[in-house]
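What follows is the residue order along each chain.
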Amino acid sequence: MKLVHAADLHVDSPMLGLSRYEGAPVERLRGATRRAFEGLVELCLRERARFLVLAGDVFDDDWRDMNTGLWFLKALGRLREVGTDVVLVRGNHDFQLTAALAWPSYLHELSKEGESLRFEREGVVFHGASFPSRHVHESLLPRYCHALQGLCNVGVLHTNATASREHGDYAPCTVEDLLDKGYDYFALGHVHRRAVLHRAPWVVYPGNLQGRQFREDGPKGCMLVEIDEARVSSARFVDTSVVRWFDRRITLATDDDLDALLARAREELRAAAGASEGRLAAVRLSVEGACAAHAAVIDRGGWIVDQIRADATDLDDAVFLGEVRLDTAPAATIEALRAAQGLVAELLREIERLRADEVDLAAHASALAPIANKAGDVVDVEDPAFVARVLDAAEALLAQRLTEGEG
Ligand SMILES: [Mn+2]
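Residues numbered from 1 in each chain as written. Predicted model: local features only at pLDDT ≥ 70, side-chain atom pairs only at ≥ 80, totals over all residues.

## Section: the sheet that holds strand β13 (residues 243–251)
Test applied: Pairing between strands is defined by DSSP: at least two bridges between the two strands are required. Runs of E in the DSSP output that reach at least two residues are strands. Runs of H or I that reach at least four are helices, and both are numbered from the N terminus. Think of each axis as a best-fit line through the C-alpha atoms, taken over the contacting stretch in the case of a helix, with angles from 0 to 180 degrees between the N-to-C directions.
Read across the sheet, three strands follow the order β13-β14-β15 without closing on themselves; strand pairing throughout is parallel. The open sheet terminates on both sides in strands that have one partner only, identified here as β13 and β15 (319–330). Across this sheet, the average inter-strand angle for adjacent strands is 10 degrees, counted without regard to direction. Bridge count between strand β14 (residues 280–291) and β15: ten bridges; the pairing is parallel. The residue bridging V283 from the neighbouring strand is L321, located in β15.

Rendered as structure tokens:
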């Protein structure tokens, strides 16, 4: 007998941050939570899963209209073909769902007070409690009874069981608290990163069903659990996502020049397209390291980003390139150059002195006002933060340019 465990589906999450990326396939990305859910249903059909367990945050806050709820029920309706029962608890994101829709008979929402739902013929009991409010700061475990003899005990809980700081500290508990209940499998939700906290007995976060942002990178999906004679015999992860997020960092070495930078970026894009196995690869790149390419980054960073974007379009629809960050540093450390003899060192020391002398710096900056006025809003010589950035860039450029000839 098979059971599928998923959590944090956040169906119809609006993914608001995406519109700032020029040419982002927004509809494809926004539709990803629904497509992933359809993939989950497909998996249940293919595996003839007896149970589908949803451990909270099925939705992404209250429905804006009925469409989300109606779509969900329609997608779920296919499970009737194989007689799958759905067991769910509400998490912090769906505790206040529009209540106007009645759930169908095969969908069992466990109560806020906590309940144990028995399936005698299958020898399985589900213990769970839905979030009574959005912010639950005490453990919900007192609402869960101890394991029942002779049955396979499955706990369903939306909780922060790892003191994760990336997520709200809701319904907190520890792995020991969970093991104390004596269950065979604890189906957890809330933490979006997949984690098997304990094996046999199992305590598992499947992670969110579909990543929604660059930091939710890597494979995303659900757990396929096999139960034999009231015991869990295996549990394995299945990737059901339709978009895979990549948060990639390129670290350049001292000798890496602009060509090397572009080659490495192309390599990362191609690797992401390959690793995503037919899914859309959504990539964020950050380039760092003290390198020869730094002068070009300072000089024509915008062009470099455009060039990387052009390379991404070569990969057709396989890759969506979001943010590209160029955080390189000069190959020679400025401290070392500053301490040396000669003109370079003198200029760098002068920049260092200016940086510490607010009055003198402001005077230099205001001398630029006639030029700055022509540039409009983008240049604000009155803004100390802007002036500091210009000074940093000038220092980097100077260091790079003046040492290039020395090598
Ligand atoms: Mn969540």
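## Notes on the pairing of strand β1 (residues 2–6)
Where we set the bar: Three exposure classes are used, based on other C-beta atoms lying within 10 Å of a residue's own C-beta, which is placed from the backbone: buried for 20 or more, exposed for 12 or fewer, and partly exposed in between.
Across the five residues that make up β1, a large majority, four, are buried. In this structure, β1 lies alongside strand β11 (residues 221–228), joined through four bridges in antiparallel fashion. Note on β11: the bridge partner recorded for K2 is E226. As defined by bridge partners, β1 adjoins strand β2 (residues 51–55) across four bridges and the pair is classed as parallel. Paired with A6 across the two strands is L54, which belongs to β2.

## Points about the nonpolar core
Here is the rule: Here, a nonpolar core means buried Ala, Val, Leu, Ile, Met, Phe, Trp, Tyr and Cys residues linked by C-beta atoms lying within 7 Å of one another.
By size, the foremost hydrophobic cluster in this structure holds 98 residues, and its most contacted members are V53, L54, V156, F186 and L188. The element that contributes the greatest number of residues to this core is helix α6 (residues 294–313), accounting for seven residues.

## Topic: the pairing of strand β3 (residues 85–89)
Stated formally: Handedness rule for crossovers: strands pointing away from the viewer, path from the first strand over the helix to the second running clockwise, crossover right-handed.
Burial of β3 is extensive: five of the five residues sit out of reach of the surface. Here β3 shows a buried face lined by D85, V87 and V89 and a second buried face lined by V86 and L88. Relative to β3, β2 runs parallel, the two being bridged by five bridges. Counted as the bridge partner of F51 is D85 from β3. You can see the chain leave β2, run along helix α3 (residues 67–77) and come back into β3, and the turn it takes is right-handed.

## As for helix α2 (residues 32–47)
Stated formally: How far a helix is expected to stretch is found by multiplying one less than its residue total by 1.5 Å. Whether two residues are in contact depends on their C-beta atoms, placed from the backbone: they are in contact if these lie within 7 Å.
Under the 1.5 Å per step criterion, the end-to-end length of α2 is 22 Å for 16 residues, consistent within 8% with the ideal 22 Å. For α2, the full list of buried residues reads A32, T33, A36, F37, L40, V41 and C44. Buried-residue contacts for α2 involve β1, α1 (26–30), β2, α3, β11 and β13. Among the residues trailing α2, R48 stands out with phi positive, at a value near 50 degrees.

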